[in-house]
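If you want the building blocks of each chain, they are given just below.
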Amino acid sequence: MTTIAAAARNAWAISPFGEGIEKYDGLPAEVLHDEPHRQLRRYLRSTPATTARPVLLVPPLAVATNCYDLRPGQSLAEHLLEQGHETYVVDYGDITFADRNMGFEDWIDDILPTAIARVSALHDGAPVDVVAWSLGGTVSLLTAAAHPTLPIASITAFGTPIDYRLIPAVQLLRYADRVLGSTLMTAGTALMGGVPRHLTRASFRAMAPVREITKPWFLARNILDTEVLARTEAIDQFIASMPGYPGRFYNQLHTRLVTKNELFSGVINLTRSRAVRLSAIRTRVLFVGSRTDAIANGPAVEAGTRSVPGARYAAADGLSHLGLVAGVDARDRAWKHLDAFLAEV
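Note that the structure is predicted; figures quoted are calculated from it, not measured. (Residues numbered from 1 in each chain as written. Predicted model: local features only at pLDDT ≥ 70, side-chain atom pairs only at ≥ 80, totals over all residues. Heavy atoms only, no water.)

(A) The nonpolar core, seen in detail. Counting residues in each nonpolar core, the largest one holds 90 residues, and the members touching the most others are Leu57, Leu76 and Phe158. Among the elements that make up this core, the one with the highest residue count is helix 3 (residues 104-121) (8 residues). When neighbours within four sequence positions are excluded, Leu76 is seen to be in contact with Leu57, Tyr68, Val131, Phe158, Val325, Trp335 and Leu338. (Core = buried A, V, L, I, M, F, W, Y, C linked by side-chain atoms within 4.5 Å. Buried < 20%, exposed > 50% of the residue type's maximum accessible area, 1.4 Å probe, protein only. Helix = DSSP H or I, 4+ residues; strand = E, 2+ residues; numbered from the N terminus. Contact = heavy atoms within 4.5 Å.)

(B) Representation of helix 4 (residues 135-146) within the structure. Here helix 4 is 12 residues long and its end C-alpha atoms lie 16 Å apart, about the 16 Å a rise of 1.5 Å per residue gives. Restricting attention to buried positions, one finds in helix 4 the residues Leu135, Gly136, Gly137, Thr138, Val139, Ser140, Leu141, Leu142, Thr143, Ala144 and Ala145. (Expected span 1.5 Å × (residues − 1).)

(C) Local environment of a nonpolar patch on the surface. A cluster of nonpolar residues, Leu172, Tyr175, Val179, Leu180 and Leu184, forms a patch on the protein surface that exposes about 550 Å² of accessible area. Note on placement: Leu184 falls in helix 6 (residues 182-185). (Patch = residues over 30% accessible without salt bridge, like charges linked within 9 Å, V, L, I, M, F, W, Y side chains within 5 Å. Areas by Shrake-Rupley, 256 points an atom, 1.4 Å probe, with all protein chains shown as cover. Salt bridge = Lys/Arg side-chain N within 4 Å of Asp/Glu carboxyl O.)

(D) Representation of the environment of Val285 in the model. With respect to the secondary-structure elements, Val285 resides in strand 11 (residues 284-289). Classification of Val285 as buried rests on a relative accessible area of 2%. Along the primary structure Val285 and Val131 are separated by 154 residues, whereas in three dimensions their C-alpha atoms are 10.0 Å apart. In this structure, Val285 is in contact with Leu141, Ile155, Val308, Gly310, Ala311, Arg312 and Phe341, ignoring residues within four places of it in sequence.

(E) Broad picture of the packing of helix 8 (residues 197-206) against helix 10 (residues 226-240). The geometry of helix 8 relative to helix 10 is characterised by a closest axis approach of 9 Å and an angle of 140 degrees between their N-to-C directions. Between helix 8 and helix 10, the interaxial angle falls into the category oblique. Between helix 8 and helix 10, the residues in contact are Arg201, Phe204 and Arg205 and Asp236, Phe238, Ile239 and Ala240, respectively. (Axes fitted to C-alpha atoms, helices over the stretch in contact; angles between N-to-C directions. Parallel < 35°, antiparallel > 145°, perpendicular 65-115°, else oblique.)

(F) Molecular detail of the sheet that holds strand 5 (residues 128-133). The mixed open sheet is built from 8 strands, whose spatial order is 1-2-4-3-5-6-11-12. Both outer strands of the open sheet, strand 1 (29-33) and strand 12 (312-315), are each paired with one neighbouring strand and no more. Adjacent strand axes in the sheet meet at a mean angle of 25 degrees when their direction is disregarded. As paired strands, strand 11 and strand 12 are joined by 4 bridges and run parallel to one another. If you follow Gly289 over to strand 12, its bridge partner there is Ala315. Taken strand by strand, helix 4 contacts strand 3 (55-58), strand 5, strand 6 (152-158) and strand 11, and its axis lies near 140 degrees from that of strand 5. (Pairing = 2+ DSSP bridges.)

(G) Up close: the pairing of strand 5. In terms of burial, strand 5 is a largely internal element, 6 of the 6 residues being buried. Covered by surrounding structure in strand 5 are Val128, Val130 and Ala132 together with Asp129, Val131 and Trp133, the residues of both alternating faces. The pairing of strand 5 with strand 6 spans 6 bridges and is parallel. Among the inter-strand pairings, Val130 is bridged to a residue of strand 6, identified as Ile155. The parallel pair strand 5 and strand 6, bridged by helix 4, forms a crossover whose chirality is right-handed. (Right-handed = clockwise from strand over helix to strand, strands pointing away.)

(H) Layout of empty space enclosed by the protein. Counted under the stated rule, the structure contains 1 cavity of 30 Å³ or more. Along the walls of the largest cavity sit Pro60, Leu61, Ala62, Val63, Tyr92, Gly93, Ile95, Pro243 and Gly244, which together make up its complete lining. In terms of residue class, the lining of the largest cavity is built from 7 nonpolar, 2 polar and no charged. (1 Å grid on protein atoms, 1.4 Å probe; cavity = no way out; pocket = protein on both sides within 12 Å on 5 of 7 lines; lining within 4 Å. Points joined across faces, edges and corners; volume = space filled by probe spheres on them. Nonpolar A, V, L, I, M, F, W, Y, C, P; charged D, E, K, R; others polar.)

(I) Layout of the environment of Asp25. Along the polypeptide, Asp25 turns up in the loop between helix 1 (2-14) and strand 1. In this structure Asp25 comes out as exposed when scored by relative accessible area, which is 66%. For the pair formed by Asp25 and Arg71, sequence separation is 46 residues and the distance between their alpha carbons is 8.6 Å. At a separation of 3.4 Å, a polar atom in the side chain of Asp25 contacts the side chain of Lys23. (Polar contact = N/O pair within 3.5 Å; in protein donor to acceptor, adjacent residues only side chain to side chain.)

Set out below in structure tokens:
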């Protein structure tokens, strides 16, 4: 009877009518600067930092900052605090139709340079270690390339694809673009002002079809395992909080990165009169990838060592895309590479 009662309680908790298995409000943090699409927060520490350089967490677009603080034990932010780093995060907030004209330039010329400068100023001008995931790594690299004098000590890019030809998930998109042309391929997002959040969430789920199809059976099999249920719940909440892409940004992403593969070429043509060259990057760069990442597999990430001067690659095979920064095994497979990289002088 005890087992049946526990199963019933868990089933109710994960149902649309329940309150969930685990309530997690995130690490305590203070807001240092608050403007649209550029809120800067500092995670609060219980003890003084033991490292000289601050860390700035840069999320991708269309992702909430809880990617770095998913739940206890799956929080990169918590890990960095434990390692003695003063840790900050920049939050882009919601993206709506009103933001349709925002493009890569807004991030690499304004949002990220401002956040980096503010964090550096809080530490008497110390250079900042930038830690990013997925497209967060892309905008971080472009920021460093466009503004080589920024106080950036290093960039660590988890799951940031550089050679899109090596990603199976986007090959159909690349083929369709060759047949139909970029104008037609981006016409829908142009009309919508970007990619609405519900489409972003559906696309992310579609990248793991097996998980979505087998999820009911998976939950039923683990109905007595509250830890497994809590992990699944945290991922669902993460996906449910994803915002959308601005129209101009998505257009640039589709045409310049996905179809023309300009990141791998090392020259990104943001406009007809402006090109950003990865060869201008003057800071240390580490790419961390996984061969089992369905969104940006290891080879596509490792290609960054051929496009960014002096960049290195570390393998964290066995992890998913989100798993690189929030997986149960991320500490031992992915974060250890970050720790060693940040410890270098």
